[in-house]
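Observations on chain architecture
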Amino acid sequence: GFMADFVDTRVRTDAKGIYVNTSYLGRGNYPTLDELIEMLDRTELNAMVIDIKDDTGSILFDAKHPLINEVGYKTLYITDLPAFVAKLKEHNIYCIARIVCFKDQVATKKTPALAVRNHDGSLYVDKEGERWLNPYDEKAWEYIVEVAKEAAEAGFDEINFDYLRTSASGSFTKADFSGLNEGKTKIDAITGFVKYACEQLKPMGVFVSGDVFGTIINSVADGESIGQSYVGLSRYLDYICPMVYPSHYSFGYGGLKYPDTKPFQLLLMELNSSVKKLSVIEAGEHRAEVRPWLQ
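Scope of this entry: the structure provided in the associated data block. (Residues numbered from 1 in each chain as written. Predicted model: local features only at pLDDT ≥ 70, side-chain atom pairs only at ≥ 80, totals over all residues. Heavy atoms only, no water.)

**Observations regarding the overall build of the chain**
Filter applied, for reference: Labels follow the DSSP assignment, with helices taken as runs of H or I lasting at least four residues and strands as runs of E lasting at least two, numbered in each case from the N terminus. Only C-alpha atoms enter the radius of gyration; for comparison, a globular chain is expected to reach 2.2 Å times N to the power 0.38, where N is the number of residues. Under the scheme applied here, a residue whose accessible area is under 20% of the maximum for its type counts as buried, over 50% as exposed, and between as partly exposed, the area being computed with a 1.4 Å probe on protein chains only. The contact criterion used throughout is that any non-hydrogen atoms of two residues lie within 4.5 Å. What sets the accessible areas is the Shrake-Rupley method with a 1.4 Å probe; for residues, cover comes only from the shown protein chains.
Helix and strand content of the chain: 9 helices and 11 strands. Radius of gyration (C-alpha) of the chain: 19 Å, near the 19 Å computed for a compact globule of 295 residues. Principal axes of the C-alpha set define a box for the chain whose edges measure 50 × 50 × 45 Å. Counting all 295 residues of the chain, 50% fall into the buried class. Sequence-distant contacts, at least 24 apart, represent 75% of the contacts inside the chain between residues at least 6 apart. As displayed, the chain has an accessible area near 13900 Å², and 51% of this comes from carbon and sulfur atoms.

As structure tokens, then:
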């Protein structure tokens, strides 16, 4: 079995959380951290998902590891990460560090050797203008995991990997993965990264979660196109987090004329499908708990 020698002393929490984009804390009409803490103190909410590597690829705290400083770029929205986490812990808040993985405008420009490129050597850019780290490159894996390790050392309870995939809005016919993809699918690359990350992080006492498209529960083609296997990832992650956003489903999906107007029915249908999908993982084998993102 996976990590058969790992003695798991971690204590699970039934997380009911909110997402916190740290670069917006206290800016304009956005709440301060103190206001969010006060809200959690007076409600059943008990967790925060906190950006520490954001959608641009920027590192939002003062990371120390040489590889992080070599590859990435820091924007210090959190000047003292351990103190930031300690403040939340004083209020018994379960702390989840959100790390955007392979979508990265910063590291791809600073360290293009780790980026998906075109055959002419230029940087690959998808239809939305985004650049991506090469999911087959193990140095890119190491870079992402080093960010996660510093979050774990700062006291976070869980590492949440987002954009755990390749681009969903561009053709890869001209893309060059530096030959690292020979004999390997995109699913092989993404699943391999998750396995590596879990092996590195779980012994540090943190849980590991990963975000996936909700549609991959039922659509093998959707999963293959972006490198996400719902069952494959669930064999390693502690929590798998399908983004079952009603607004992201097409008209008529699952017999629902307008899925966006039937959020309960859609979520129930998708999570029932999730139970069936993951039933292929036999009892006694590792299987992630399902914790959906809600819109």
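Additional details are given in the paragraphs that follow.
**Some remarks on unusual backbone geometry**
You will see that M3, though not glycine, has its phi angle at about 50 degrees, which is positive. Tracing the backbone shows M3 in the segment before β1 (17-20). A positive phi angle, close to 50 degrees, is found at Y163, a residue other than glycine. With respect to the helices and strands, the residue Y163 is situated in the loop between β7 (158-162) and β8 (175-176).

**Overview of the layout of surface pockets**
Vacant regions in the atomic arrangement are exposed by a probe of water-molecule size rolled over the atoms. Our working rule: A cavity here means a set of points on a 1 Å grid, drawn over the protein atoms and nothing else, where a 1.4 Å probe fits but cannot get out; a pocket is an open set with protein on both sides within 12 Å along at least five of seven lines, and a residue lines either one if it has an atom within 4 Å of a point. Grid points are joined across faces, edges and corners, and a volume is the space filled by probe spheres set on the points.
By volume, the largest pocket amounts to about 310 Å³. G17, V49, R291, P292 and W293 are, among the 16 residues lining the largest pocket, the residues nearest its centre. Secondary structure elements with two or more residues in the lining of the largest pocket: β1, β2 (47-53) and β7. The element best represented in the lining of the largest pocket is β1, accounting for 3 residues.

**A short note on the nonpolar core**
Just so we agree on the cut-off: Here, nonpolar core means buried Ala, Val, Leu, Ile, Met, Phe, Trp, Tyr and Cys residues that are tied together by side-chain atoms lying within 4.5 Å of each other.
Of all hydrophobic cores here, the largest spans 74 residues; its most connected members are M48, I52, F102, Y143, F161 and F193. Per-element accounting of this core gives the leading share, 9 residues, to helix α5 (residues 138-153). Not counting residues up to four positions away in its chain, the partners in contact with F193 are C101, F102, W141, I144, V145, F161 and L164.

**Digging into the pattern of salt bridges**
Oppositely charged side chains can pair when the atoms bearing their charge come close. Which entries qualify depends on this criterion: The working definition used for a salt bridge is a side-chain nitrogen of Lys or Arg within 4 Å of a carboxyl oxygen of Asp or Glu.
Inspection of every chain in the model, using the stated rule, returns 22 salt bridges. We note a salt bridge from R12 to E289, for which the minimum N-O separation is 3.6 Å. Within this pair, whereas R12 is found in the segment before β1, its partner E289 is found in strand β11 (residues 289-290), the two being separated by 277 residues in sequence. Taking relative accessible area as the criterion, R12 reaches 37% and is therefore assigned partly exposed. By relative accessible area, E289 is classed as partly exposed at 39%. Notably, a salt bridge pairs K103 with D55, separated by 3.9 Å at the nearest N-O pair. Taken together, the residues span a long stretch of sequence, with K103 in the loop between β5 (94-100) and α4 (107-110) and D55 in the loop between β2 and β3 (59-61) at a distance of 48 residues. On the basis of relative accessibility, which here comes to 8%, the residue K103 falls in the buried class.

**Brief notes about the pairing of β2**
Counted only if it meets this: Pairing between two strands is assigned when DSSP locates at least 2 bridges connecting them. Note on handedness: a crossover is taken as right-handed if, strands pointing away from the viewer, the path from the first strand over the helix to the second is clockwise.
Burial within β2 is extensive, with 7 of its 7 residues counted as buried. Where β1 lies against β2, 4 bridges are found, and the strand directions are parallel. Looking at the pairing, G17 lines up with A47 of β2. In this view, the connection linking β1 to its parallel neighbour β2 by way of helix α1 (residues 33-42) has right-handed handedness. Relative to β5, β2 runs parallel, the two being bridged by 6 bridges. Each bridged residue has a counterpart across the sheet, and for K53 the counterpart in β5 is I99.

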